[in-house]
Amino acid sequence: MTDHQADQQTDQQTDPQADRHSERPAPPPTRNAMRRALRRARDGVALDVGEAAVLLRARGEDLAELVAVAGRVRDAGLQAAGRPGVITYSKSVFIPLTRLCRDKCHYCTFVTVPGKLRREGHGMFMSPDEVLDIARKGAALGCKEALITLGDKPEDRWPEAREWLDAHGYDDTLAYVRAMSVRILEETGLLPHLNPGVLSWTDFQRLKPVAPSMGMMLETTATRLWSEPGGPHFGSPDKEPAVRLRVLEDAGRSSVPFTSGLLLGIGETYEERAESLFALRRTARAYHGIQELIIQNFRAKPDTAMRAMPDAELDDLVAAVAVARLIMGPSACLQAPPNLVDAEYERLIAAGVDDWGGVSPLTIDHVNPERPWPRIEELAERSAAAGFELRERLCVYPEFVRRGEPWLDPRIMPHVRALADPETGLANPDAVVRGLPWQEPDETFAATGRTDLHATIDTEGRTGDRREDFDEVYGDWEALREAAAPGLVPDTVPERIDADLREALAVAADDPTRLTDAQALALFHADGPALDALCAVADDVRKSVSGDEVTYIVTRNINFTNVCYTGCRFCAFAQRRTDADAYTLSLDQVADRARQAWDVGAVEVCMQGGIHPDLPGTAYFDIARAVKERVPGMHVHAFSPMEVVNGATRTGLSIREWLTAAKEAGLDSIPGTAAEILDDEVRWVLTKGKLPAATWIEVITTAHELGLRSSSTMMYGHVDQPRHWLGHLRTLASLQQRTGGFTEFVTLPFIHTNAPVYLAGIARPGPTIRDNRAVTAMARLLLHPHIPNIQTSWVKLGAEGAAEMLRSGANDLGGTLMEETISRMAGSSYGSYRSIRDLEAIAEAAGRPSRPRTTLYGEVPKERQETARASDGHLPELLPVIEG
């Protein structure tokens, strides 16, 4: 498309009526319906969508009553927050980083095309000098927020945007956003608030270290306004409601303070408006991460397809603010942009707003350029006339300033603290706005906390059964119970299960690769004699592929820190930095433990840790390098896909670049942990903030392409069902066929005892013996012939259970471990190490011989075998195991 054609497309004068795109309005609510809804609101009873839709149409005396109720709810919230009678705003500058966008919203004048930018003498993006000039002028005026707004992924639509990014050395628009955010922090002291549009989970990890808050308007959940020709969002891929709701959820999972809201009057019905508010409430309730809700009224603009659409009425806005207050509750922060309401401030205050949003003494509102900001002095006077004191806040709301970790990254904490009142979390009126270095925290690898936990977990146990922030760090438990419900519905077992099982067993025995999903599910449900037959078939396949020898590896686990704020609800290992059981090892301690392991015959160290907020993305390189320098011959098997993503996003590198650098530092292979269940329905119940299934697959695929092999795993027996196990194993088999990089599959039965999701009453108490046998057998069959090694876990099953799995299709016992903290913290009572003789005894119990192996299932050098035999593969002075 030429610039001229693009200009014509943008300026096209379409029929305004075609773009109204509103369904036929519903009849007005009956008098009884309005009275009932008002009574329920007055009595503090939770509203449903229908009642909210009724109240959105309140007018006259009904609206006055609704507003009074909403105002009281708001006042109660401000009282509880410790700022009664306070209405806030943020003193900001508006930085339109680029006005190019891949979307085509029919009401937007912010977005333009390359030709217009060139004719007006502008670049495709603002230059760094232009950005910093605005930020410096804002800092001189006492502004504390840099509102960075831009179009969605312009390089996907406009070659000129791609060329600009390439010429300036940026992989994509978000890389430029990140780079400019760092410069704003360092050179001006303003705090970036990012509005880059639709973001993925990985994008949030990239941007969180450079911005204390982000935002994106939901606008509406009315899909028809996006999917049907003539709708205001038709032709705009980033305006699909499901996509935008996923962004809100990923922000919550990533612990990013997030701003969202509704755009009123673009063709949605009152029912759809109510549904949008309830969708926002669900996300806010689940993650406690929506810091403010903007209720914005549509204003028609010339030269747009919706230029003749009537503006949203003020009564509509007032009713929407009041209903939003009732739905979101007293603790929510509600904003209505003051430049869009024709100075009707008192009505909005009465309806329940407690914030005016960003107000700039320097820059215009580039989204609504025809609507100047009010003067801050005028805003203060009008707020005071309504009985409220106007106070300045930061771009990140005071509740999140006071919460600190995990909501604020340590790299921007100094910048926020420099501008915040430590008592209230609001802006400090006496703060000097000046640039501060954006850097990694000091003392990254200082040994801290309970560094002997690997030993004392077996003698003293853990301090308590849960971390102190149990009720906050994992999200809302009640919302989680609702989310978990679908995954807890048992699979439908066919009525002809016996006949189906016989047929499936026959196929499995003849050629497991021909098993259909229905047959595989029937086998997953096998019990009694049918389960025995299934395990016998799997064991026959094992024998034909792997022979009778049971393999094991002399290895040491080194968990270099357990400080983590990711919020995995199955994990009892993670601690806050201030918890009694928290620890971090120094680099010397990591290297010392690797050396100790080498001295007793180890061929591998397996190193993983929590996602410590202070660890830079390069810390993993330092760990691998420290081990290789101390023990050059040691195989470094380290860093789960979650750690890989964490490292990549903190360094600003791509996953491929980061893995390449890690390999150069000494990384030899990676554990395929952090998989849990590769089904996001289950995954988002198990974890608040861990990487999505698609990202796990991306990391593993990239590692394999770079020659870094990995294990594969599945944790089961919590909020999952056999249908999820089937999908997980099919995914692994498919991935292995493409890359060939998996060395083995490891079954990981869920240890429930101290797992938060179990303590909260959501998960079941781990898998049954039947489940363990079925999963092991089916892993052997469904992964055949692609993954030849199936590993069972003595840590989680004990010696007897592991021996049973060796009779059910497994051929590998894993490692000696020497120290094992993660399962022990979860409540496993099977100890944290096994000697060579112990592992051989498990194999003997299964009637099988055994032999040592390397990480890649090769032969162990004679010298290593002899050294391991001399020490029996364990460290000296190992302590007795206490009962679980």
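Residues numbered from 1 in each chain as written. Predicted model: local features only at pLDDT ≥ 70, side-chain atom pairs only at ≥ 80, totals over all residues. Heavy atoms only, no water.

## A short note on the pattern of salt bridges
Moving on, step 1. The tally for this structure, following the rule as stated, stands at 59 salt bridges.
Moving on, step 2. Residue Arg253 is joined to Glu249 by a salt bridge in which the shortest nitrogen-to-oxygen separation is 3.4 Å. One end of the pair is Arg253 and the other is Glu249, both in helix H11 (residues 241-253) and four residues apart, which spans about a single turn.
Moving on, step 3. Given the relative accessible area of 7%, Arg253 is considered buried.
Moving on, step 4. Glu249 gets classed as partly exposed once you look at its relative accessible area, which sits at 29%.
Moving on, step 5. Ionic pairing is found between Asp720 and Arg764, a salt bridge with its closest N-O pair at 3.1 Å. (Salt bridge = Lys/Arg side-chain N within 4 Å of Asp/Glu carboxyl O. Helix = DSSP H or I, 4+ residues; strand = E, 2+ residues; numbered from the N terminus. Buried < 20%, exposed > 50% of the residue type's maximum accessible area, 1.4 Å probe, protein only.)

## A few points about empty space enclosed by the protein
Unoccupied space between atoms shows up once a probe the size of one water molecule is rolled over them.
Moving on, step 1. What the rule picks out here adds up to seven cavities of 30 Å³ or more.
Moving on, step 2. Roughly 340 Å³ of internal volume is contained in the second largest cavity.
Moving on, step 3. Around the second largest cavity, the lining comprises 22 residues; the ones closest to its centre are Gln205, Lys208, Ser254, Ile611 and Arg650.
Moving on, step 4. If you list the elements that add at least two residues to the lining of the second largest cavity, you get helix H9 (201-207) and helix H26 (641-651). (1 Å grid on protein atoms, 1.4 Å probe; cavity = no way out; pocket = protein on both sides within 12 Å on 5 of 7 lines; lining within 4 Å. Points joined across faces, edges and corners; volume = space filled by probe spheres on them.)

## Some points on the environment of Leu362
Moving on, step 1. Within the secondary structure, Leu362 is located in the loop between strand E8 (355-359) and helix H15 (376-385).
Moving on, step 2. Note on Leu362: relative accessible area 34%, which makes it partly exposed.
Moving on, step 3. Taking the C-alpha atoms as reference points, Leu362 and Asp614, 252 residues apart in sequence, are found 36 Å from one another.
Moving on, step 4. When neighbours within four sequence positions are excluded, Leu362 is seen to be in contact with Val93, Ile134, Lys137, Gly138 and Leu141. (Contact = heavy atoms within 4.5 Å.)

## A few points about the packing of helix H22 (residues 517-524) against helix H32 (residues 769-782)
Moving on, step 1. Two elements in contact, H22 and H32, have axes whose closest approach is 9 Å; the angle formed by their N-to-C orientations is 150°. By the angle between their axes, H22 is roughly antiparallel relative to H32. Judged by residue contacts, Ala520, Leu523 and Phe524 of H22 engage Arg770, Ala774, Val775, Met778 and Leu782 from H32.
Moving on, step 2. Grouping the constituent residues of the contact of H22 with H32 by class yields seven nonpolar, no polar and one charged. (Axes fitted to C-alpha atoms, helices over the stretch in contact; angles between N-to-C directions. Parallel < 35°, antiparallel > 145°, perpendicular 65-115°, else oblique. Nonpolar A, V, L, I, M, F, W, Y, C, P; charged D, E, K, R; others polar.)

## Things to note about the nonpolar core
Moving on, step 1. Core analysis: the biggest nonpolar cluster contains 133 residues, and Met607 and Trp696 have the highest contact counts within it.
Moving on, step 2. Apart from residues no more than four positions distant in its own chain, Trp696 is found in contact with Pro641, Gly672, Thr673, Ala674, Ala675, Leu678, Arg683, Leu691, Leu732, Leu735 and Phe742.
Moving on, step 3. Judged by nonpolar contacts, the second largest core, of 127 residues, contains Cys333, Leu394, Val396 and Leu408. (Core = buried A, V, L, I, M, F, W, Y, C linked by side-chain atoms within 4.5 Å.)

## Let's talk about helix H30 (residues 722-739)
Moving on, step 1. Between its first and last C-alpha atoms H30 spans 26 Å; for 18 residues at 1.5 Å apiece the expected length is 26 Å, and the two agree.
Moving on, step 2. Burial in H30 covers these residues: Pro722, His724, Trp725, Leu726, His728, Leu729, Leu732, Ala733, Leu735 and Gln736.
Moving on, step 3. Gly740 sits one or two residues past H30 and shows a positive phi near 65°. (Expected span 1.5 Å × (residues − 1).)

## With respect to the packing of aromatic side chains
How two aromatic rings sit relative to each other is given by the distance of their centres and the angle of their planes.
Moving on, step 1. Overall, the coordinates contain 17 aromatic pairs when judged by the stated rule.
Moving on, step 2. Between Tyr716 and Trp725, the ring centres sit 5.8 Å apart and the planes meet at 70°, which makes this aromatic pair edge-to-face.
Moving on, step 3. Members of the aromatic cluster, connected to one another through ring pairs, are Phe560, Tyr620, Phe621, Phe639 and Trp658.
Moving on, step 4. Stacked on the ring of Trp684, the Lys or Arg Arg253 has its end atom at 3.7 Å from the ring centre.
Moving on, step 5. In this arrangement the basic side chain of Arg853 is found over the ring face of Tyr857, its NZ or CZ atom lying 4.0 Å from the centre. (Phe/Tyr/Trp six-rings, centres within 6.5 Å; stacked < 30°, edge-to-face > 60°. Lys NZ or Arg CZ within 6 Å of the ring centre and 35° of its normal.)

## Quick notes on the pairing of strand E1 (residues 86-98)
Consecutive residues of a regular strand have side chains that alternate between opposite faces of the sheet.
Moving on, step 1. With 13 of its 13 residues buried, E1 lies for the most part within the structure.
Moving on, step 2. The pairing of E1 with strand E9 (residues 389-393) spans five bridges and is classified as parallel. Its bridge partner lying in E9, Ile87 is registered against Leu390.
Moving on, step 3. The pairing of E1 with E8 spans three bridges and is parallel. Opposite Ser90, over in E8, you have Gly358 as the bridge partner.
Moving on, step 4. Judged from the six bridges that link them, E1 and strand E2 (residues 145-150) form a sheet pairing that is parallel. The residue of E2 that forms the bridge with Phe94 is Leu147. (Pairing = 2+ DSSP bridges.)

## Some thoughts on the confidence of the model for the chain
Moving on, step 1. Per-residue confidence for the chain gives a mean pLDDT of 90, with 92% of residues at or over 70.
Moving on, step 2. Per-residue pLDDT stays below 50 along residues 878-884; that stretch engages in 18 contacts with residues further than four places along the chain or on separate chains. (pLDDT = per-residue confidence, 0-100.)

## Comments concerning the environment of Glu145
Moving on, step 1. Residue position: Glu145 is located in strand E2.
Moving on, step 2. By relative accessible area, Glu145 is classed as buried at 5%.
Moving on, step 3. When the C-alpha atoms of Glu145 and Ser360 are compared, they prove to be 9.3 Å apart, with 215 residues separating the residues in sequence.
Moving on, step 4. For Glu145, the contacting residues outside a window of four places in its chain are Ser90, Lys91, Ser92, Val93, Leu190, Leu191, His193 and Cys395.

## A short note on the side chain of Glu392
Moving on, step 1. The topology assignment puts Glu392 in strand E9.
Moving on, step 2. On the basis of relative accessible area, Glu392 is assigned to the buried category, the value being 14%.
Moving on, step 3. A distance of 3.2 Å separates a polar atom in the side chain of Glu392 from a polar atom in the side chain of Lys144. (Polar contact = N/O pair within 3.5 Å; in protein donor to acceptor, adjacent residues only side chain to side chain.)

## With respect to the environment of Leu678
Moving on, step 1. By the element assignment, Leu678 lies in the loop between strand E16 (669-670) and helix H28 (680-686).
Moving on, step 2. The spatial distance from the C-alpha of Leu678 to the C-alpha of Leu797 is 23 Å, given a sequence separation of 119 residues.
Moving on, step 3. Once you skip the residues sitting within four places of it in the chain, Leu678 turns out to touch Arg683, Ala693, Trp696, His728, Thr731 and Leu732.

## Quick notes on the state of the cysteines
Moving on, step 1. Using the criterion set out here, one finds zero disulfides in the structure.
Moving on, step 2. Here Cys333 stays free of any disulfide, with the sulfur of Cys395 as its closest cysteine sulfur at 14 Å.
Moving on, step 3. With relative accessibility at 6%, the residue Cys333 sits in the buried group. (Disulfide = S-S within 2.5 Å.)

## Brief notes about helix H24 (residues 587-599)
Moving on, step 1. If you check H24, its first and last C-alpha atoms are 18 Å apart, about what 13 residues at 1.5 Å a residue would give, namely 18 Å.
Moving on, step 2. Within the sequence span of H24, burial applies to Val590, Ala591, Arg593, Ala594, Ala597 and Trp598. What you see down the axis of H24 is that its buried residues fit within an arc of 160°, all on one side.
Moving on, step 3. Backbone geometry just downstream of H24 places Gly601 in the positive-phi region, at approximately 100°. (Arc of directions from axis to C-beta.)

## Thoughts on the packing of helix H2 (residues 31-42) against helix H4 (residues 60-81)
Moving on, step 1. Orientation of H2 relative to H4, taken along the N-to-C sense of each, is 15°, at an axis distance of 10 Å. When the axes of H2 and H4 are compared, the pair comes out roughly parallel. Crossing handedness for the pair H2 and H4: left-handed. Between H2 and H4, the residues in contact are Arg31, Met34, Leu38, Ala41 and Arg42 and Asp62, Glu65, Leu66, Val69 and Arg72, respectively.
Moving on, step 2. Considered class by class, the residues forming the contact of H2 with H4 number five nonpolar, no polar and five charged. (Left-handed = near helix turned anticlockwise from the far one by under 90°.)

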